Amino acid sequence: MATAAQGAPEATDGGGSSSVSSSVSSAPPEALEAVAAEWMLEFACSCLCRHFAEQSGAEFWRWRDVAQALISGLSQIPPHQKKTVYLCQLLIRIAQGKSLGLQFENDKRISPLESALSFWTLLEREEIKLEKLHEEIRRLIQIQIVAVHMENRYFREAAEVLERLFTDSESDKPLRVKLATVIKTRDPYVPLLQSFSYSLLISKIKSYIELFMKENETNFLIQEATKHVVSKGLGATTLQNRPVKVNENGRSDLETKHRLVKEKQYITSQSSGVIIKPIARRGSGQKPKESRVLQNLTSMQNMGQNEVSLACSRRRQKWTPKEDLELKLGVKEFGVGNWAKILAHGAFDNRTSVMLKDRWRTLSKMKQS
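Please read all numbers here as calculations on a predicted model, not as lab measurements. (Residues numbered from 1 in each chain as written. Predicted model: local features only at pLDDT ≥ 70, side-chain atom pairs only at ≥ 80, totals over all residues. Heavy atoms only, no water.)

**Student:** It is not clear to me how the packing of helix H16 (residues 321-334) against helix H18 (residues 353-368) should be interpreted in this structure. Could you clarify?
**Tutor:** Working note: a packed helix pair is described by the angle between its axes plus the distance between those axes. Relative orientation of the contacting elements H16 and H18 amounts to 95 degrees, with a least axis distance of 11 Å. Taken together, the axes of H16 and H18 are roughly perpendicular relative to one another. Two secondary-structure elements touch here, H16 through Asp324, Leu327, Lys328 and Val331 and H18 through Leu356, Arg359, Trp360 and Leu363. (Axes fitted to C-alpha atoms, helices over the stretch in contact; angles between N-to-C directions. Helix = DSSP H or I, 4+ residues; strand = E, 2+ residues; numbered from the N terminus. Parallel < 35°, antiparallel > 145°, perpendicular 65-115°, else oblique. Contact = heavy atoms within 4.5 Å.)

See below:
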């Protein structure tokens, strides 16, 4: 192609452009699509990581769908993109790890977090050197797999999952024994589960995302998009021209938008997605709990301090009249059973969806008597 271009008559700028067009047109379409798909997948993974770290629920789900579509189009995973694919699948499962009614695997017993653990194992195999962070994340996922089952009162399933999680190796034995003891207590608020909480897991995943993003700063689409935004001054213009209006009640639209986003997060977390469908937990006799909004991802610092007092306070903390009123208003607005939705919109002090359900049962009994 280069020889033909050099020998062509009237080698003007237009001729050079024609040479490039000729080169492009002669490239196999399949090869072009494969290269472009790689760029798009890397870009989608970058967006997924950013929105996960920023807790941008609606945007996270949007880029989840983009990433899933691109991954589904792969006949096989290129070796240099394995980490990208594995990380996308990990984040999708971690984001919905509290929703036991979602299925990612053919085996209906496998919870979202168990599926996440399998992708974390694949990610670890792609690492040149395993750091302390890798071991911390693995341990947190294992603990939270058990914790989520216990929070939903699936104690028998928690014992069964323990058998699947751990081998007979001596390195696994201490944690296996501790979790077995925790399951026997049938108490999801013991110090171990409080210390190695879901929010701490999210925090550690964010740390891993930062490392991944630094390693992948050379993404072609990101570089080109950055050049375009900088050259056009689009970023600054967008922020400066964004209006902040005030509604009739005197509250800013930002507050209203925040509420709508939380609502969309809740709805989307239960909506359909690739390879996801509701299932019933076998053997428990209970229906799956409602999907929960991606929790506030605040890092849990000084996790070793006040473990016992924290656990006890959650178990024994008395309900205040204000909380009872919030619960009644929530039930009136969203209906009985929508505990996760009520929790997301109400002003409760260190409560869970299960606590809301139990309190409503107590209030109903008091009203009947």
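**Student:** Quick question: what am I supposed to make of the environment of arginine 50 here?
**Tutor:** Among the structural elements, arginine 50 can be located in helix H3 (residues 29-53). Taking the C-alpha atoms as reference points, arginine 50 and methionine 213, separated by 163 residues in sequence, lie 9.0 Å from one another.

**Student:** I'm lost on the nonpolar core in this one. Help?
**Tutor:** Looking at soluble globular proteins, one finds that nonpolar side chains tend to be buried together. Counting residues in hydrophobic clusters, the biggest one holds 64 residues, and the most contacted among them are Phe52, Leu87, Leu90, Ile94, Val146 and Leu179. Here this core gets 10 residues from one element, more than from any other, and that element is helix H7 (residues 132-151). In this view, isoleucine 94 contacts Phe52, Leu113, Ala116, Ile141, Tyr198, Leu201 and Ile202; residues no more than four positions away in its chain are not counted. If you look at the next biggest cluster of nonpolar residues, it comprises 11 residues, including Tyr189, Trp319, Phe334 and Leu356. (Core = buried A, V, L, I, M, F, W, Y, C linked by side-chain atoms within 4.5 Å. Buried < 20%, exposed > 50% of the residue type's maximum accessible area, 1.4 Å probe, protein only.)

**Student:** Any chance you could explain the side chain of histidine 134 here in plain terms?
**Tutor:** By the element assignment, histidine 134 lies in helix H7. Here histidine 134 falls in the buried class, since its relative accessible area comes to 6%. For histidine 134, the side chain forms a polar contact with the main-chain nitrogen of glutamate 131, separated by 2.9 Å. Residue contacts for histidine 134: discarding those within four places in its chain leaves Trp120, Glu124, Glu127, Lys129 and Tyr208. (Polar contact = N/O pair within 3.5 Å; in protein donor to acceptor, adjacent residues only side chain to side chain.)

**Student:** What am I meant to see in the environment of alanine 158 here?
**Tutor:** Here alanine 158 is to be found in helix H8 (residues 155-165). Taking the relative accessible area as the measure of exposure, alanine 158 reaches 0% and is therefore buried. Residues alanine 158 and alanine 180, 22 residues apart in the sequence, show an inter-C-alpha distance of 9.0 Å. Filtering out sequence-adjacent residues up to four positions away, alanine 158 remains in contact with Val146, His149, Met150 and Ile183.

**Student:** Even after reading the chapter, I still don't get the pattern of salt bridges, so can you show me in this structure?
**Tutor:** Pairs can form between side chains of opposite charge whenever their charged atoms are close. If you walk through the whole model with that rule in mind, you get 16 salt bridges. Across the salt bridge formed by arginine 64 and aspartate 65, the nearest N and O atoms sit 3.1 Å from each other. In this structure, the salt-bridge partner of lysine 98 is glutamate 151, at a minimum N-O distance of 2.9 Å. With a gap of 53 residues between them, lysine 98 in the loop between helix H5 (82-95) and helix H6 (112-126) and glutamate 151 in helix H7 connect regions that are remote in the sequence. Here the two residues lysine 98 and glutamate 151 agree in accessibility, since each one is buried. Residues joined in a network through salt bridges with shared partners are Lys83, Glu127 and Glu215. (Salt bridge = Lys/Arg side-chain N within 4 Å of Asp/Glu carboxyl O.)

**Student:** What exactly am I supposed to notice about the environment of lysine 98 here?
**Tutor:** A relative accessible area of 9% means that lysine 98 is categorised as buried. Along the primary structure lysine 98 and tyrosine 198 are separated by 100 residues, whereas in three dimensions their C-alpha atoms are 8.9 Å apart. A polar side-chain atom of lysine 98 sits 2.9 Å from a polar atom in the side chain of glutamate 151.

**Student:** Explain the confidence of the model for the chain here, please?
**Tutor:** For residues with low pLDDT, the predicted coordinates do not support detailed interpretation. Scored by pLDDT, the chain has a mean of 75; 70% of the residues are at 70 or more. Under a pLDDT of 50 for its full length, residues 1-15 has, in the predicted model, 4 contacts with residues more than four places off or in other chains. Throughout residues 239-257 the model reports pLDDT below 50, and contacts reaching past four residues in sequence, or to other chains, amount to 9 contacts. (pLDDT = per-residue confidence, 0-100.)

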